[in-house]
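# Chain and residue survey
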Amino acid sequence: MKYETVAIHVEKLVKRYRNGVQALDGLSLTVNKGEIFSLLGQNGAGKSTLINVLTTYLRPTSGSVIIFGKDACHEATEIRTLISWVAQRTSIDTRLSLTENMMFQSNLYKVPKEEAKKRMEALIFCFGLEQYLKYPVSSYSGGIKRRLDIALYMMSNPKVLFLDEPTIGMDVQSRMAMWDMIRKIREDFGTTVFLTTHYLEEADRLSDTICIIKNGKEVIQGIPHDLREYLQQNKLKISFGSKEEAKSCFGRLKNVISLKEADLYNDKIITDSKNSYADLERVNRWLLDNGISFLGIEMIQPTLEDVFIRLTRENEREVCQ
Ligand SMILES: Nc1ncnc2c1ncn2[C@@H]1O[C@H](COP(=O)(O)OP(=O)(O)OP(=O)(O)O)[C@@H](O)[C@H]1O
Ligand SMILES: [Mg+2]
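Definitions and cut-offs
Residues numbered from 1 in each chain as written. Chains lettered and ligands numbered in written order. Predicted model: local features only at pLDDT ≥ 70, side-chain atom pairs only at ≥ 80, totals over all residues. Heavy atoms only, no water. Pairing = 2+ DSSP bridges. Helix = DSSP H or I, 4+ residues; strand = E, 2+ residues; numbered from the N terminus. pLDDT = per-residue confidence, 0-100. Contact = heavy atoms within 4.5 Å. Disulfide = S-S within 2.5 Å. Buried < 20%, exposed > 50% of the residue type's maximum accessible area, 1.4 Å probe, protein only. Near = heavy atom within 4 Å. Polar contact = N/O pair within 3.5 Å; in protein donor to acceptor, adjacent residues only side chain to side chain. Areas by Shrake-Rupley, 256 points an atom, 1.4 Å probe, with all protein chains shown as cover. Nonpolar A, V, L, I, M, F, W, Y, C, P; charged D, E, K, R; others polar. Domains from an automatic or database assignment. Patch = residues over 30% accessible without salt bridge, like charges linked within 9 Å, V, L, I, M, F, W, Y side chains within 5 Å. Salt bridge = Lys/Arg side-chain N within 4 Å of Asp/Glu carboxyl O. Axes fitted to C-alpha atoms, helices over the stretch in contact; angles between N-to-C directions. Phe/Tyr/Trp six-rings, centres within 6.5 Å; stacked < 30°, edge-to-face > 60°.

Another aspect to go through is the sheet that holds strand β5 (residues 70-71). The strand order β2-β1-β4-β5 describes an open sheet built from four strands, whose pairing is antiparallel. Across the chains shown, the open sheet's two edge strands, defined by having one partner strand only, are β2 (22-32) and β5. Pairing between strand β1 (residues 6-16) and strand β4 (residues 62-67): five bridges, direction antiparallel. Bridge pairing links Glu11 to Ser64 in β4.

What follows is the structure, encoded as structure tokens:
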């Protein structure tokens, strides 16, 4: 383990709540310094529990968490000075302006006034927030408030910024503005960003590393490109002019390649293919030989969503191990 490049190292982490629920079940993961790391998982997978343990809000039952060389169990106070945690509900004081909020925050962290002012100006400039300085925070929309909230948490100059579902419920424009902001946090300030999300597209486009967790355990961790390649299985897609045409072909095509009932989607047949190009050729020839009219036939690559569904599907634990 090269500690000089590691921001967070979690090993065999277990968290059992008092009611007996084991929310984390031997989870291990590594976050590198200066990267955007996304944690993906279904409801109840253990994402919030993990963030609560990493931010030292909860004590683990067993296992270890090291953040910038500090142990979360024995050096929780030190860790708190290194991190910022932006929870889902904004905590910025909506009666005050952004600058008032920022100066107040720096006071809490005992940052000298001159230094705080400089930092505040740098943050406002970097994130393009000048237009939001005049009015109290309450006058802005939810998406903007969240960005102002994050700017506020950057005042303490954290080494790691934790974001719980930063773009939940946002429209496309606000989501893209948030992505820009998160990229700038990494690029201009070198901050490591650890976020949770339900949006696969967000994890795919924004992160350097993605970790998918299920039942309190990691199932896969890697760069988005490698995760998409994980299935090593393309899909064969045949499009028809109508639902009826697809349905009638589906019945006969079952004799040519193996198909599941779920492979029929409206006016398309989409099926997993282990031997993609041979299948494509075979089906194409069969369609032509039998005079079946169709609009197109092509191979499509699995998306991150396909990987996520495959890895988190119930009763398929064997593929995860
Ligand atoms: N304070 C608690 N006491 C007891 N059980 C809890 C507590 N908090 C969470 N759990 C349970 O632990 C498991 C993991 O929950 P957690 O909130 O960490 O999941 P999550 O991945 O954040 O889910 P979501 O996507 O819904 O936010 C769930 O079974 C949940 O019911
Ligand atoms: Mg949660």
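Averaged over every residue, the pLDDT of the protein is 90; the share at 70 or more is 96%. Scored below 50 in pLDDT, residues 315-321 shows nine contacts in the model against residues more than four places distant or in partner chains.

Looking now at the state of the cysteines. On inspection of all chains with the given rule, the structure shows zero disulfides. Here Cys73 stays unpaired: no disulfide links it, and the sulfur of Cys211, its closest cysteine neighbor, is 20 Å away. Judged by its relative accessible area of 24%, Cys73 falls in the partly exposed class.

Taken together, the neighbourhood of ligand 1 is formed by 13 residues, with Gly44, Gly46, Lys47, Ser48 and Thr49 sitting nearest. Taking Asn43, its side chain carries an N or O atom lying 2.9 Å from an oxygen atom of ligand 1. Coverage of ligand 1 by the protein amounts to 61% of the 630 Å² it exposes when considered alone. The element contributing the most residues to the shell around ligand 1 is helix α1 (residues 47-54), with three residues. Taken together, the residues of the shell around ligand 1 sort by class into four nonpolar, eight polar and one charged.

So, about the domain arrangement of the protein. Along its sequence, the protein is carved into domain 1 (3-229) and domain 2 (234-301). Each of domain 1 and domain 2 has a C-alpha centre, and these two points are 44 Å apart.

A surface patch of nonpolar side chains, amounting to about 330 Å² of accessible area, comprises Phe104, Leu108 and Tyr109. Given the relative accessible area of 54%, Leu108 is considered exposed.

We now examine the sheet that holds strand β3 (residues 36-40). One open sheet accounts for six strands, arranged β6-β7-β8-β3-β9-β10; its pairing is mixed. Because the sheet does not close on itself, it has two edges, and the strands there are β6 (83-86) and β10 (217-222). Pairwise comparison of adjacent strand axes, ignoring direction, gives a mean angle of 15° for this sheet. Relative to strand β7 (residues 160-164), β6 runs parallel, the two sharing four bridges. Its bridge partner lying in β7, Val86 is registered against Leu163. In the packing of helix α5 (residues 142-153) onto the sheet, contacts are made with β6 and β7, and the angle to β6 comes to roughly 165°.

Time to look at the packing of aromatic side chains. A full pass over the atoms with the stated rule returns five aromatic pairs. On the numbers, 5.2 Å between centres and 15° between planes, the contact of Phe37 with Phe194 is stacked. Of this pair, Phe37 sits in strand β3 while Phe194 sits in strand β8 (residues 192-197), placing them 157 residues apart in sequence. Residue classification places Phe194 among the buried positions, given a relative accessible area of 0%. Relative to Tyr140, the ring of Tyr132 has its centre 5.2 Å away and its plane inclined at 80°; by these criteria the two rings are edge-to-face. Each member of the pair, Tyr132 together with Tyr140, is buried.

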